[in-house]
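Below, each chain spelled out in residue letters.
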Amino acid sequence: QETVSIAAPRVDPLIAEAREVAGEFTDKLPDFLVQQHTMRYVSSTRPPNWQAVDMVTAEVAVQDGKEEYRKISINGRPSKRPPEKTGAWSTGEFSTTQEDILSPFTAAKFVKRAEQRVAGRTAVVYDYSVLQENSHWRLIPENGKSYNPPYKGSIWIDKESKRVLRIEQ
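Residues numbered from 1 in each chain as written. Predicted model: local features only at pLDDT ≥ 70, side-chain atom pairs only at ≥ 80, totals over all residues. Heavy atoms only, no water.

(A) The arrangement of the nonpolar core in detail. Among the nonpolar cores identified, the biggest contains 16 residues, and Leu102, Phe110, Tyr126, Tyr128, Ile155 and Ile157 are the most heavily contacted of them. Elements represented by at least two residues in this core include exactly α1 (13-28), α2 (96-102), β6 (121-130) and β7 (151-158). Ignoring anything within four residues of it in the chain, the contact list for Phe110 reads Ile15, Arg19, Ile101, Leu102, Tyr126, Asp127, Tyr128 and Ile155. Listed in part, the 7 residues of the second largest apolar core include Val62, Tyr69, Ile72 and Ile74. (Core = buried A, V, L, I, M, F, W, Y, C linked by side-chain atoms within 4.5 Å. Buried < 20%, exposed > 50% of the residue type's maximum accessible area, 1.4 Å probe, protein only. Helix = DSSP H or I, 4+ residues; strand = E, 2+ residues; numbered from the N terminus. Contact = heavy atoms within 4.5 Å.)

(B) View of the pattern of salt bridges. For the structure on display, the rule yields 8 salt bridges. Its salt-bridge partner being Asp127, residue Arg113 comes within 3.1 Å of it at the nearest N-O pair. Residue Arg113 is found in strand β5 (residues 109-118), and its partner Asp127 is found in strand β6; the two are separated by 14 residues along the sequence. For Arg113, a relative accessible area of 43% gives the class partly exposed. A residue is classified by how much of its surface remains accessible, and Asp127, at 28% relative accessible area, is partly exposed. Lys159 is paired through a salt bridge with Glu115; the nearest N and O atoms lie 2.7 Å apart. Separated by 44 residues along the polypeptide, Lys159 in the loop between β7 and β8 (164-168) and Glu115 in strand β5 bring together distant segments of the chain. Taking relative accessible area as the criterion, Lys159 reaches 41% and is therefore assigned partly exposed. Assessed through its relative accessible area of 47%, Glu115 is described here as partly exposed. (Salt bridge = Lys/Arg side-chain N within 4 Å of Asp/Glu carboxyl O.)

(C) Expanded view of the environment of Met55. Its place among the elements puts Met55 in strand β2 (residues 51-63). In this structure, the C-alpha to C-alpha distance between Met55 and His37, residues 18 residues apart in sequence, is 6.8 Å.

(D) Examining a negative patch on the surface more closely. On the surface, Glu17, Glu20, Glu24, Asp27 and Glu99 cluster together into a patch of negative charge. For the negative patch, the element with the most residues is α1, which contributes 4 residues. By relative accessible area, which is 31% here, Glu99 ends up partly exposed. (Patch = residues over 30% accessible without salt bridge, like charges linked within 9 Å, V, L, I, M, F, W, Y side chains within 5 Å. Areas by Shrake-Rupley, 256 points an atom, 1.4 Å probe, with all protein chains shown as cover. Lys, Arg positive; Asp, Glu negative; His and termini not counted. Charge placed at Lys NZ, Arg CZ, Asp CG, Glu CD.)

(E) Looking closely at unusual backbone geometry. Following Arg46, the chain continues into Pro47 via a peptide bond in cis, with omega recorded as -5°. Along the polypeptide, Pro47 turns up in the loop between β1 (32-42) and β2. Positive phi, normally seen in glycine, also occurs at Asn75, with a value near 55°. By the secondary structure assignment, Asn75 is in the loop between β3 (66-74) and β4 (77-78).

Written as structure tokens, this is what we have:
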């Protein structure tokens, strides 16, 4: 009988610590209310020539770990349509994004890029990519058929506290 051993992929120690800190952060997050401002852009050219389309403002209430979007306005006017019917729309920005990117189930590939100062803190910057089959990011175009795209971005992790300071996706 032959035994086959499959080694788990090596995880950068800072990423492993950031995963733990992100989970603790979410568990200890108090209920809160914030004002979110999202500028939406569009481009139909290659390379992209981004043009501002509108500004979406929403009140985001987080209670018992659940997010609720209220008082949604577009360009300062209350929207009568559901936000997902007005163009690009996203949810889950405040606590779930960092956990999802760092989750072993998402299997993001991290490549250390540099160290940078963010708000007076030393952060390690990683570029990351997530394959489509591991993506939990869902797009729903106007035809209503959902799609989980691959995605990539960068994440800044505080070198000392191991907390995520910034995410670009």
